[in-house]
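# Breakdown of the fold
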Amino acid sequence: MITQLYCENYTFFLFLVGVLGIFLNQKSIIIIIMSLEIMFLSVSFNFIFFSIYLDNIVGQLFALAILTVAASESSIGLAILVVYYRIRSTITIELMTLTKG
């Protein structure tokens, strides 16, 4: 049986992996977006686990809203990256400062 402590540890580990992915890899924008998605997923899992534990549907509705926002954020981010790659022929964060203005 899955205990509450196991669920908390699982979501904390996923969130930690996402944070480490952002801070340790600051050159690839794709990996940063994937790390953000892992962080959103861990928060959603946390809402779902506590929703089941507390026998309340509100956590599952919040998780659905978070996943909807995360999906739209990643699709818009990837569309911007495709346009940026077509213009510059490379995707690096060092050159992202050239697009200001």
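Right, let's walk through the structure included here. As the structure is a prediction and not an experimental result, all values here were calculated from the model. (Residues numbered from 1 in each chain as written. Predicted model: local features only at pLDDT ≥ 70, side-chain atom pairs only at ≥ 80, totals over all residues. Heavy atoms only, no water.)

Note on placement: Leu 14 falls in helix H1 (residues 4–24). By relative accessible area, which is 15% here, Leu 14 ends up buried. Spatially, the C-alpha atom of Leu 14 lies 9.5 Å from that of Phe 45, the residues being 31 residues apart in sequence. Setting aside residues up to four positions removed in sequence, Leu 14 forms contacts with Ile 38, Ser 42 and Phe 45. (Helix = DSSP H or I, 4+ residues; strand = E, 2+ residues; numbered from the N terminus. Buried < 20%, exposed > 50% of the residue type's maximum accessible area, 1.4 Å probe, protein only. Contact = heavy atoms within 4.5 Å.)

The next subject is the packing of helix H2 (residues 29–54) against helix H3 (residues 58–88). Relative to each other, H2 and H3 sit at 170 degrees, their axes nearing to 8 Å. With respect to each other, H2 and H3 are oriented roughly antiparallel. Here the residues of the contact of H2 with H3 are counted per class, giving 17 nonpolar, six polar and two charged. (Axes fitted to C-alpha atoms, helices over the stretch in contact; angles between N-to-C directions. Parallel < 35°, antiparallel > 145°, perpendicular 65-115°, else oblique. Nonpolar A, V, L, I, M, F, W, Y, C, P; charged D, E, K, R; others polar.)

No statement about biological role is implied by the geometric values presented.
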